[in-house]
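# Report on the structure
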Amino acid sequence: YETIQVSELAKLMGVKVGELIKKSLQMGMPVTANQSIDADTAAILADEFGYQVEKAPIEEEILLQYIPPSPEELKPRPPVVTVMGHVDHGKTTLLDAIRKTDVASKEAGGITQHIGAYTVKLEDGRIITFIDTPGHEAFTSMRARGAQVTDIVILVVAADDGVMEQTKEAIEHARAAKVPIVVAINKIDKPDANPERVKSQLAELGLVPEEWGGNTLVANISAKKRIGIEELLELVLLQAEMLDLKAAYDRPARGRIIESKLDKGRGPVATVIVQEGTLREGDVFVAGLTYGRVRAMFDSYGNRIKTATPSIPVEILGFEDVPQAGDDFIVVDEEEKARKIAEYRQRKAREAEAAKEVKISLEKLFEKL
Ligand code: GTP
Ligand code: MG
């Protein structure tokens, strides 16, 4: 890890450099005044003079000093929207309709296998970022790690099925995260669709539609037939306006890992959603227990891009190791610093792991007694 110069060590102990060198010769481990020695060697030498060497922890907080942006730095940013809802109620079909693409039919068995993040640009140039979750676990586990990235939840409820178990769960998750819900009553094209019944079910759960005097925005849609999609997006943007979402653009980027994988050809790859600042190709970063340098960056359509601003998800190449979904992503000025922070975090993680093991084995011991 850390090293110290022999002359510096002597100064700290208040002994002459010559004395220290003499001692090192006597001990058969000769050093010179300008030599940098590691902590273990320093500890052995210091011991001879009655001193103990402590390895100072790298203060992550100091290295990652964060100065919150001033109000003048803040500019509007696009909303980040997560689509939630019961199985098969049409989340993926809705995202397809929004993107006017057809991912669902290509997915194995039609079930979402991954978290995707996409930006959608509307005709008037406004942008919305969507996150498609394969389940509520992703949302919950991200949130449990303090990694809230979602500004608005679109709750998809099938007009034929109505409110189901996972609909209720989604509402609870959104509420716990204090994220406003925009309701999309889907499948209105079906003969047995009953949107009014869905509305009363939702009202019972406290989501009272605006037309009934409440403040929940509700759109009737058919994801499959592409009915009501524009109206839904209007409601999302209306909700976003009420939230007054802003971020600083002109500073080093910070964000969150949304998904990651080890690609056979390209190495570790991760999707990052930028939450603040501007990310550039070549930027050095720390992400969870790893670090790296942005070698290449791609937008949600696979186009190579050079910069990414707040609320924009990007796929990044250049990680030393695979980070985890929910990890932070922080641009720092030097690679050396990034490496040190990552090593420091790894050490802390190992210590925490070891402490946990001790606790478990103690608990086992007590069980036996
Ligand atoms: P999971 O990812 O498995 O939770 O499902 P999902 O919520 O993403 O549902 P998905 O989009 O895969 O849709 C499930 C089924 O409902 C598919 O067969 C869709 O074609 C169908 N579906 C989705 N939207 C509509 C709609 O508006 N009308 C009709 N009739 N069918 C729809
Ligand atoms: Mg799906």
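Look above for the structure.
Description of the structure in this document. (Residues numbered from 1 in each chain as written. Chains lettered and ligands numbered in written order. Predicted model: local features only at pLDDT ≥ 70, side-chain atom pairs only at ≥ 80, totals over all residues. Heavy atoms only, no water.)

Between the first and last C-alpha of helix H9 (residues 229–243) there are 21 Å, a value that for 15 residues agrees with the 21 Å anticipated at 1.5 Å per step. Of all the residues in H9, the buried ones are Ile229, Leu232, Leu233, Leu235, Val236, Leu237, Gln239 and Ala240. Directly after H9, the chain includes Asp244, whose backbone phi takes a positive value near 50 degrees. (Helix = DSSP H or I, 4+ residues; strand = E, 2+ residues; numbered from the N terminus. Expected span 1.5 Å × (residues − 1). Buried < 20%, exposed > 50% of the residue type's maximum accessible area, 1.4 Å probe, protein only.)

With 7 of 7 residues buried, strand S7 (residues 152–158) is to be regarded as a mostly interior element. Burial of the side chains of S7 extends over both faces: Ile152, Ile154, Val156 and Ala158 are buried on one face and Val153, Leu155 and Val157 on the other. Here strand S4 (residues 80–85) runs beside S7; their pairing, made up of 5 bridges, is parallel. Paired with Met84 across the bridge in S7 is Leu155. Direction of pairing for S7 relative to strand S8 (residues 181–186): parallel, over a ladder of 6 bridges. Residue pairing in the sheet places Val153 in a bridge with Ile181 of S8. Handedness of the β-α-β unit built from S7, helix H7 (residues 165–176) and S8 comes out right-handed. (Pairing = 2+ DSSP bridges. Right-handed = clockwise from strand over helix to strand, strands pointing away.)

Okay, the sheet that holds strand S15 (residues 290–298) next. Two strands in a sheet stick together by hydrogen bonds in their backbones, pointing the same way (parallel) or opposite ways (antiparallel). Within the closed barrel, the 6 strands sit side by side as S11-S12-S17-S15-S14-S18. Their pairing is antiparallel. Each adjacent strand pair in this sheet contributes to an overall mean axis angle of 45 degrees, direction not counted. As judged from the 5 bridges shared by strand S12 (residues 267–276) and strand S17 (residues 313–319), these two strands associate in the antiparallel manner. Of the residues in S17, the one forming a bridge with Ala270 is Ile316. (Axes fitted to C-alpha atoms, helices over the stretch in contact; angles between N-to-C directions.)

Around ligand 1 sit 18 residues in total, of which Lys91, Thr92, Thr93, Asp189 and Ala223 are the nearest. Between ligand 1 and Lys91 there is a distance of 2.8 Å, counted from an oxygen atom to a side-chain nitrogen or oxygen. Ser222 is positioned with one of its side-chain polar atoms (N or O) 3.1 Å from an oxygen atom of ligand 1. Considered on its own, ligand 1 offers 660 Å² of accessible surface; in the complex 82% of this is hidden by protein. Here the shell around ligand 1 gets 3 residues from one element, more than from any other, and that element is helix H5 (residues 91–99). (Near = heavy atom within 4 Å. Polar contact = N/O pair within 3.5 Å; in protein donor to acceptor, adjacent residues only side chain to side chain. Areas by Shrake-Rupley, 256 points an atom, 1.4 Å probe, with all protein chains shown as cover.)

Let us now look at the packing of aromatic side chains. This structure, assessed with the given rule, holds 3 aromatic pairs. Joined through ring pairs, the aromatic side chains of Phe285, Phe319 and Phe329 make up one cluster. One Lys or Arg, Lys75, reaches over the ring of Tyr249 and ends 4.8 Å from the middle of that ring. (Phe/Tyr/Trp six-rings, centres within 6.5 Å; stacked < 30°, edge-to-face > 60°. Lys NZ or Arg CZ within 6 Å of the ring centre and 35° of its normal.)

In this structure, Lys187 takes a positive phi of about 65 degrees despite not being glycine. Tracing the sequence through the fold places Lys187 in the loop between S8 and helix H8 (195–204). The residue Ser311 is not glycine, and still its phi comes out positive at about 75 degrees. Tracing the backbone shows Ser311 in the loop between strand S16 (307–308) and S17. The class for Ser311 is buried, based on a relative accessible area of 2%.

If you look at the biggest cluster of nonpolar residues, it comprises 28 residues, and the most contacted ones within it are Leu94, Ile128, Phe130, Ile154 and Leu232. Mapped by element, the contributors of at least two residues to this core are S4, H5, strand S5 (116–121), strand S6 (127–132), S7, S8, strand S9 (217–220) and H9. The element best represented in this core is H9, accounting for 7 residues. Aside from chain neighbours lying at most four places away, what touches Leu232 is Leu94, Ile154, Val182, Val183, Ala184, Ala219 and Ile221. Grouped together as the second largest cluster of nonpolar side chains are 18 residues, Ala253, Ile257, Leu279 and Val314 included. (Core = buried A, V, L, I, M, F, W, Y, C linked by side-chain atoms within 4.5 Å. Contact = heavy atoms within 4.5 Å.)

With that settled, consider the pairing of strand S18 (residues 328–332). With 5 of 5 residues buried, S18 lies mostly within the body of the structure. Relative to S18, strand S11 (residues 254–263) runs antiparallel, the two being bridged by 3 bridges. What sits directly across from Arg254, in S18, is Ile330.

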